[in-house]
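Analysis of the macromolecular model
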Amino acid sequence: MAVSEKTYIRFVCFKTVGRQRSRLGLFAAIHEAVESEHAESWAIVEARSQSSWFNASLALPESFSTGGQKGYGQPGLSWFKPSATEHIRRMHALKIALEACGIHVEVLTTRDPGVIVWQDEHQVVAEPRGRTF
């Protein structure tokens, strides 16, 4: 998939809690994938390998919200910057591994992730502007 130099990218999967479906980041899905009865051994190895690389190579955001008025800001979402090509390549590898474990992954793109509340060289955390990603 060709991504514009101004397009941010996010990888998500879905988890059903009760009757409600919610989006889950891929890192949160790794444990589920490894515990899945559908997990293939190569996929478990790949998911763990990618997880280790990201733990060493990607900063944890310092903030996920501006707090809004009176501290009620909408939680921000993490997006990869278009320039984070190695990180995006590795996320695609993680996507393949998770899907081999039975976890469907969607790739979301946007040119406007919202109000940026934190960023580093590879990623931004942004509060969506009235949209749901």
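Residues numbered from 1 in each chain as written. Predicted model: local features only at pLDDT ≥ 70, side-chain atom pairs only at ≥ 80, totals over all residues. Heavy atoms only, no water.

So, the overall build of the protein
Helices and strands together make up the secondary structure of the protein, namely three helices and six strands. In the protein, the order of α-helices and β-strands from amino to carboxyl end is β-β-α-α-β-α-β-β-β. Counting over 133 residues, the protein shows a buried share of 41%. Partitioning the contacts of the protein with sequence separation of at least 6, the portion at a separation of at least 24 is 68%. With the model as given, the accessible surface of the protein reaches about 8,100 Å², and the carbon-plus-sulfur share is 50%. (Helix = DSSP H or I, 4+ residues; strand = E, 2+ residues; numbered from the N terminus. Buried < 20%, exposed > 50% of the residue type's maximum accessible area, 1.4 Å probe, protein only. Contact = heavy atoms within 4.5 Å. Areas by Shrake-Rupley, 256 points an atom, 1.4 Å probe, with all protein chains shown as cover.)

Overview of the pattern of salt bridges
Taken as a whole and assessed by the stated rule, the structure comprises four salt bridges. Between arginine 89 and glutamate 86 there is a salt bridge, with the nearest N and O atoms lying 2.8 Å from each other. Of the two residues, arginine 89 and glutamate 86 both sit in helix α3 (residues 85-100), three residues apart, roughly one turn of that helix. Measuring nitrogen to oxygen at the nearest pair gives 3.2 Å for the salt bridge that ties aspartate 112 to arginine 129. With aspartate 112 in the loop between β4 (105-110) and β5 (115-119) and arginine 129 in the segment after β6 (123-127), this pair connects stretches of sequence that are 17 residues apart. Given a relative accessible area of 47%, arginine 129 falls into the partly exposed group. (Salt bridge = Lys/Arg side-chain N within 4 Å of Asp/Glu carboxyl O.)

So, the pairing of β5
If a strand is regular, its side chains alternate between the two faces of the sheet. By the bridge criterion, four bridges tie β5 to β6 in an arrangement that is antiparallel. When the bridges of β6 are listed, valine 115 appears paired with glutamate 127. Linking β5 to β6, which pair antiparallel, is a turn of three residues. (Pairing = 2+ DSSP bridges.)

Side note on α3
When the terminal C-alpha atoms of α3 are compared, their 23 Å separation across 16 residues agrees well with the 22 Å that a helix rising 1.5 Å per residue should span. Among all positions in α3, only His87, Ile88, Arg90, Met91, Ala93, Leu94, Lys95, Ala97 and Leu98 are buried. Once α3 finishes, glycine 102 follows within two positions and takes phi at roughly 90°, a positive value. (Expected span 1.5 Å × (residues − 1).)

Observations regarding the packing of aromatic side chains
With the rule as written, the count across this model stands at three aromatic pairs. For the ring pair tryptophan 53 and phenylalanine 54, a centre distance of 5.0 Å and an interplane angle of 90° mean the geometry is edge-to-face. Of the residues examined, phenylalanine 54 reaches a relative accessible area of 3% and is grouped as buried. Through a chain of ring-to-ring contacts, three or more aromatic side chains come together here, namely Phe27, Trp53, Phe54 and Phe80. (Phe/Tyr/Trp six-rings, centres within 6.5 Å; stacked < 30°, edge-to-face > 60°.)

Comments concerning the packing of helix α2 (residues 41-57) against α3
The contact between α2 and α3 brings their axes to 8 Å, and the two run at 150°. What the angle tells us is that α2 and α3 run roughly antiparallel. In the crossing of α2 with α3, the sense of the turn from one axis to the other is left-handed. Across from Trp42, Ala43, Glu46, Ala47, Gln50, Trp53, Phe54 and Ser57 in α2, the residues of α3 making contact are Glu86, His87, Arg90, Met91, Ala93, Leu94, Ile96, Ala97 and Ala100. Considering only residue class, the contact of α2 with α3 consists of 11 nonpolar, three polar and three charged. (Axes fitted to C-alpha atoms, helices over the stretch in contact; angles between N-to-C directions. Parallel < 35°, antiparallel > 145°, perpendicular 65-115°, else oblique. Left-handed = near helix turned anticlockwise from the far one by under 90°. Nonpolar A, V, L, I, M, F, W, Y, C, P; charged D, E, K, R; others polar.)

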